[in-house]
Amino acid sequence: MKFYGFAAAVACLAATSAGAQQLAPSPTLDAVKARGHIECGVHLGLPGFSFANDKGEWAGLDVDYCKSLAAAVLGDATKVKYTPTSVQQRWPMLQSGQVDLLSRNTTITFSRNATLGVNFQGINFYEGQTFVVRTKAKVAKVADLADATICVAAGSTEEKTAADWFRERNLKVSIINFQKNDDAISAYDQGRCDAYTAGVGALAGQRIKFKDPAEHQILTEVISNDPQGPTTRWGDERWQLVVRWVLNAQIAAEALGVTSKNVDEMKAKSTNAEVRRLLGAEGKFGEMMGLGNDWAYNIVKQVGNYGESYERTVGMGSALKLKRGSNELWTKGGLLFTPPFQ
């Protein structure tokens, strides 16, 4: 009897502890609900990822994440205010609370995690650094850029990675950094540099904006692995939980075959336990985070799963036409996966 009494006490304590964790206060989540919109820090303007048209309407892979977060938290994917942030501005704006999170092409690194007071909440795009050069230069590989002048954004991971890569191979280059990324791109486009370096996806987006895109080629060789994803400031673990699992929900929906077109049918008829938990047909997964249990249903219904978002923003249905590659699901040879919803 003593054993059963002890076991019951442990179970009770565990339940109480779990309940306390679920109900832990979240200043950020409370602020979002009170103001009625997400404050999302995005890129200054990168086609395919976060870019505003002449009507001020934002679109892109990173923008879709912001919309998904709004759909999950507020039930409405349109409840987002987008704040453009430069390479230098992004960290202080996040740290000071001017934005609730960053959803822009920001590389996950050890030093940033350890020293900037920020946490990375998963990977929504596997990026790799390379170079854009003029087609007439006949550059076939990165090493051919020896003695070249390279434009890059100051303070970016690309600046350090490029310097390290050429130094390690005893190849001399002149790296010119610019405080504004647009200035670096403009300098290259005007012929002041032989090459401009950034991630493959970023270069595909920037190439569209060149005076004559056909005169420029993006090298296929990459010199780094630069995973990117939504970023939050330290503290407020429940907000971090929400940000992380919204991304997981997008990826899991694709893996489970749930799309914006079949989500209603899947919620009503699916016998797959994980699908039912994801869409709120059983369990109370939303309540565990302080959200409604239809949080993930709203994401898929209003924004779509990860694959749908990828294809229309940067994939074959977009101007960038980037193949999935590493950004394919793990079941199809890619690197994207999510922990189980159970």
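(A) Highlighting empty space enclosed by the protein. For the structure on display, the rule yields 4 cavities of 30 Å³ or more. Estimated volume of the largest cavity: approximately 190 Å³. Around the largest cavity sit 21 residues that line it, and Val87, Asn105, Ser156, Glu158 and Asn181 are the ones nearest its centre. Elements with a minimum of two residues in the lining of the largest cavity: β9 (149–153), α6 (157–168), β11 (195–199) and α8 (200–207). Looking at which element gives the most residues to the lining of the largest cavity, the answer is β11, with 4 residues. Within the lining of the largest cavity, the residues separate by chemical class into 7 nonpolar, 10 polar and 4 charged. Taken as a whole, the second largest cavity encloses approximately 50 Å³ of empty space. Along its surface, the second largest cavity is lined by Phe49, Asp62, Ser103, Arg104, Asn105, Asn124, Phe125, Gln228, Gly229 and Pro230. Across the lining of the second largest cavity, the residue classes tally to 3 nonpolar, 5 polar and 2 charged.

(B) How the structure looks around the side chain of Glu127. By the secondary structure assignment, Glu127 is in strand β7 (residues 125–127). Buried and without a salt bridge, Glu127 has Arg104 as its closest oppositely charged side chain, separated by 11 Å. Among the polar contacts listed, one links the side chain of Glu127 to the backbone nitrogen of Ala202, at a separation of 3.2 Å.

(C) Broad picture of the state of the cysteines. Counted by the stated rule, this structure contains 2 disulfides. Two residues share a disulfide in this structure: Cys40 and Cys66, whose sulfurs sit 2.0 Å from each other. One disulfide, between Cys40 and Cys66, carries an S-S torsion of -50° and so falls in the left-handed class. Note that Cys40 is positioned in strand β1 (residues 38–43) and Cys66 in helix α3 (residues 61–74), a separation of 26 residues in sequence. As far as burial versus exposure is concerned, Cys40 and Cys66 are alike and both buried. The partner cysteine of Cys151 in its disulfide is Cys193, sulfur to sulfur 1.7 Å. Measuring handedness by torsion sign, the sulfur bridge of Cys151 and Cys193 sits at about 55° and is right-handed.

Calculation criteria
- Residues numbered from 1 in each chain as written.
- Predicted model: local features only at pLDDT ≥ 70, side-chain atom pairs only at ≥ 80, totals over all residues.
- Heavy atoms only, no water.
- 1 Å grid on protein atoms, 1.4 Å probe; cavity = no way out; pocket = protein on both sides within 12 Å on 5 of 7 lines; lining within 4 Å.
- Points joined across faces, edges and corners; volume = space filled by probe spheres on them.
- Helix = DSSP H or I, 4+ residues; strand = E, 2+ residues; numbered from the N terminus.
- Nonpolar A, V, L, I, M, F, W, Y, C, P; charged D, E, K, R; others polar.
- Buried < 20%, exposed > 50% of the residue type's maximum accessible area, 1.4 Å probe, protein only.
- Lys, Arg positive; Asp, Glu negative; His and termini not counted.
- Salt bridge = Lys/Arg side-chain N within 4 Å of Asp/Glu carboxyl O.
- Polar contact = N/O pair within 3.5 Å; in protein donor to acceptor, adjacent residues only side chain to side chain.
- Disulfide = S-S within 2.5 Å.

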